[in-house]
Amino acid sequence: MNVDSIKNGIVIDHITAGKAMELYYLLGLDKTDYHVAIITNANSKKMGKKDIIKVDGNIKLDMDAIGYFDPGATVTIIEKSEVVEKKKITLPERITNVILCKNPRCITTTEQELPHVFRLTDEKNRIYRCLYCEAKAERK
Ligand code: ZN
């Protein structure tokens, strides 16, 4: 795969250097058959170093998951070798099934079919809390 000539696909750019692999697994890209190129420590005028993920194929990615994980990232969608959309990712208000609530008394522990929903409660500190039990999402 020539990483510079994706015909149809997605480029996640401006990922914080060193975080691409984690995002790769968070998005479940390890479970797909798509060609994925991960570029680490690319030079960036704005950031110094950055990571980039390129996916060759029309995959639907969870933009909220990207926003939760790395809100400075950008997503470019390419169709027929042309950029059709360029999105700046921001912190989402809500994320669903991106992270799991770890509170053993939370209703999501007993009601297995409930989606794990977290909402943004403190934008400045990027704090998310469980919709059901208010438990704080843990970040690594
Ligand atoms: Zn909970």
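Refer to the structure printed above.
Our subject in this report is the structure included herewith. Only a predicted model underlies this, so the values are computations on that prediction, with no experimental measurement involved.

### Points about the overall build of the protein
- Scanning the protein from terminus to terminus reveals 3 helices and 8 strands.
- Secondary structure elements of the protein occur, N-terminal to C-terminal, as β-α-β-β-α-β-β-β-α-β-β.
- With respect to the three principal axes, the spread of C-alpha positions in the protein is 50 × 30 × 25 Å.
- In the protein, which comprises 140 residues, the share counted as buried stands at 41%.
- Considering only residue pairs separated by 6 or more positions, the protein has 56% of its internal contacts joining residues 24 or more positions apart.

### Notes on unusual backbone geometry
- Despite not being glycine, Asn41 has its phi angle at roughly 55°, a positive value.
- Relative to the helices and strands, Asn41 resides in strand E2 (residues 35-44).
- The backbone of Asn97 shows a phi angle near 55°, a positive value even though the residue is not glycine.
- With relative accessibility at 49%, the residue Asn97 sits in the partly exposed group.

### Remarks on the sheet that holds strand E6 (residues 94-96)
- Taking strand neighbours across the sheet as the criterion, the 3 strands line up as E6-E7-E8 in an open arrangement whose pairing is antiparallel. Edge strands, defined here as strands with exactly one partner in the open sheet, are E6 and strand E8 (127-130). With strand direction ignored, the average angle separating the axes of adjacent strands in the sheet is 30°.
- Sheet topology places E6 next to strand E7 (residues 117-122); 3 bridges connect them, and they run antiparallel. For Thr96, the partnering residue across the bridge sits in E7 and is Val117.

### Description of the nonpolar core
- Ile12, Ile53, Leu61 and Ile66 are the most contacted members of the largest nonpolar core, which has 32 residues in total.
- When contributions to this core are tallied by element, the ones reaching two or more residues are strand E1 (9-16), helix H1 (20-26), strand E3 (48-56), helix H2 (63-69), strand E4 (74-79), E7 and E8.
- Ranked by residues supplied to this core, first place goes to H2 with 5 residues.
- Three or more residues apiece are contributed to this core by two domains, here domain 1 (9-88) and domain 2 (94-130).
- Of all hydrophobic cores here, the second largest spans 5 residues; its members include Ile6, Val11, Ile52 and Ile78.

### Some words on the coordination of the zinc ion
- Within the protein, the atoms that donate to the zinc ion are Cys101 (SG), Cys106 (SG), Cys130 (SG) and Cys133 (SG), at distances of 2.2 to 2.3 Å.
- Viewed at the metal, the 4 donor atoms of the zinc ion are separated by angles of 103 to 113°, and the geometry they form is tetrahedral.
- Here the donor residues of the zinc ion share one chain and are spaced in sequence as C-x4-C-x23-C-x2-C.
- Judged by its relative accessible area of 1%, Cys130 falls in the buried class.

### Digging into the sheet that holds E4
- Taking strand neighbours across the sheet as the criterion, the 5 strands line up as E2-E3-E1-E4-E5 in an open arrangement whose pairing is antiparallel. Of all the strands in the sheet, just E2 and strand E5 (82-88) have a single pairing partner and so form its edges. This sheet shows a mean twist of 20° between the axes of neighbouring strands, independent of strand direction.
- Pairing geometry for E1 and E4, over 5 bridges, is antiparallel. Along E4, the bridge assignment pairs Ile10 with Ile77.

Rules and cut-offs
Residues numbered from 1 in each chain as written. Predicted model: local features only at pLDDT ≥ 70, side-chain atom pairs only at ≥ 80, totals over all residues. Heavy atoms only, no water. Helix = DSSP H or I, 4+ residues; strand = E, 2+ residues; numbered from the N terminus. Buried < 20%, exposed > 50% of the residue type's maximum accessible area, 1.4 Å probe, protein only. Contact = heavy atoms within 4.5 Å. Pairing = 2+ DSSP bridges. Axes fitted to C-alpha atoms, helices over the stretch in contact; angles between N-to-C directions. Core = buried A, V, L, I, M, F, W, Y, C linked by side-chain atoms within 4.5 Å. Domains from an automatic or database assignment. Donors = N, O, S within 2.8 Å, 3.2 Å for Na, K, Ca; no water. Tetrahedral: all angles 85-135°; square planar, octahedral: opposite > 155°, others 65-115°.

Everything listed here is a matter of geometry and, on its own, says nothing about what the molecule does.
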